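Close look at the chain arrangement
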Amino acid sequence: MNDLLGLSVTALATPALIATLVACGALALLAIRHPYLARIGLRNMPRRPLRTALVVFGLMLATMFIAAAFAVDDTITLAVKTIAVFNLGRVDEQVVGGDGPLGLYSTVVAAQVEQVLAHNPHVAGVAPALVVPNLLVADQSARQVRGGVSGIGLMTNQAGPLGNLR
């Protein structure tokens with residue numbers, strides 16, 4: 001766990017320690033200046049030990065739930081990143097021409113298709129594209145991961161009106 005709510009844990013440790021020491025110091029100072037308030041606050045501990053134990057147990061349980069939520073979040077994030085890197089492999093992008101593993105058409109075929117469809121009123125534009133199915137997409141702002149997304153790459157300089165597609 002290197003960060004908590006987007007902030008570095010090491011950067012949060014010093015202010016949290018200082019705040020805790022200031023709060024404990026303020027309580028100790030109040031107990032010294034007003035001992036009767038300290039006695040009133042602490043007198044129910046020996047009188048009602050079961051209630052005291054229940055309150056302490058509840059606070060420990062709440063702390064454990066919060067810590068477990070942060071740990072599970074980090075575990076899931078690490079697992080998704082590991083799966084994404086494993087599925088993508090060592091190469092992020094591979095472009096192959098001809099009849100390679102992507103099954104691309106040659107530029108001659110693309111020119112023929114553009115020429116045939118250029119005068120068709122039902123066609124807005126023709127653009128060479130590369131479609132990759134079943135991508136794993138991680139949205140950093142929403143902290144969500146989506147699978148089964150198809151990615152499309154267009155050559156915008158040859159796409160005509162399709163070049164504005166987003």
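Criteria and thresholds
- Residues numbered from 1 in each chain as written.
- Predicted model: local features only at pLDDT ≥ 70, side-chain atom pairs only at ≥ 80, totals over all residues.
- Heavy atoms only, no water.
- Helix = DSSP H or I, 4+ residues; strand = E, 2+ residues; numbered from the N terminus.
- Buried < 20%, exposed > 50% of the residue type's maximum accessible area, 1.4 Å probe, protein only.
- Contact = heavy atoms within 4.5 Å.
- Patch = residues over 30% accessible without salt bridge, like charges linked within 9 Å, V, L, I, M, F, W, Y side chains within 5 Å.
- Areas by Shrake-Rupley, 256 points an atom, 1.4 Å probe, with all protein chains shown as cover.
- Salt bridge = Lys/Arg side-chain N within 4 Å of Asp/Glu carboxyl O.
- Lys, Arg positive; Asp, Glu negative; His and termini not counted.
- Charge placed at Lys NZ, Arg CZ, Asp CG, Glu CD.
- pLDDT = per-residue confidence, 0-100.

**Some remarks on the overall build of the protein chain**
A count of helical and extended segments in the protein chain gives 5 helices and 4 strands. Secondary structure elements of the protein chain occur, N-terminal to C-terminal, as β-β-α-α-α-α-α-β-β. Taking all 166 residues of the protein chain together, 3% fall into the buried category. Considering only residue pairs separated by 6 or more positions, the protein chain has 36% of its internal contacts joining residues 24 or more positions apart.

**Thoughts on a positive patch on the surface**
Together, Arg43, Arg47, Arg48 and Arg51 make up a positively charged patch on the protein surface. Tracing the backbone through its elements, the reader meets Arg43 in the loop between α2 (35–42) and α3 (44–47).

**A closer look at the environment of Phe70**
Within the element layout of this structure, Phe70 appears in helix α4 (residues 49–88). The class for Phe70 is partly exposed, based on a relative accessible area of 27%. C-alpha separation for the pair Phe70 and Leu4, spaced 66 residues apart in sequence, amounts to 7.7 Å.

**Digging into the environment of Glu114**
With respect to the helices, strands and loops of the structure, Glu114 is situated in helix α5 (residues 107–117). Since its relative accessible area comes to 31%, Glu114 is described here as partly exposed. Residues Glu114 and Pro128, spaced 14 residues apart in sequence, show a C-alpha to C-alpha distance of 9.5 Å.

**A closer look at the confidence of the model for the protein chain**
When the pLDDT values of the protein chain are averaged, the result is 77; 77% of them are 70 or greater. Here strand β1 (residues 3–4) stands out as the element of the protein chain with the lowest mean pLDDT, 70, in contrast to helix α1 (residues 9–33), whose mean of 92 is the highest. Contacts of residues 89–96 to residues separated by more than four positions or lying in other chains number 5 contacts, the stretch itself having pLDDT below 50.

**Topic: a nonpolar patch on the surface**
Together, Leu54, Val56, Phe57, Met60, Leu61, Met64 and Phe65 make up a nonpolar patch on the protein surface, roughly 720 Å² of accessible area in all. Inspection of the secondary structure puts Met60 in helix α4. Among the residues examined, Met60 registers a relative accessible area of 52% and is labelled exposed.

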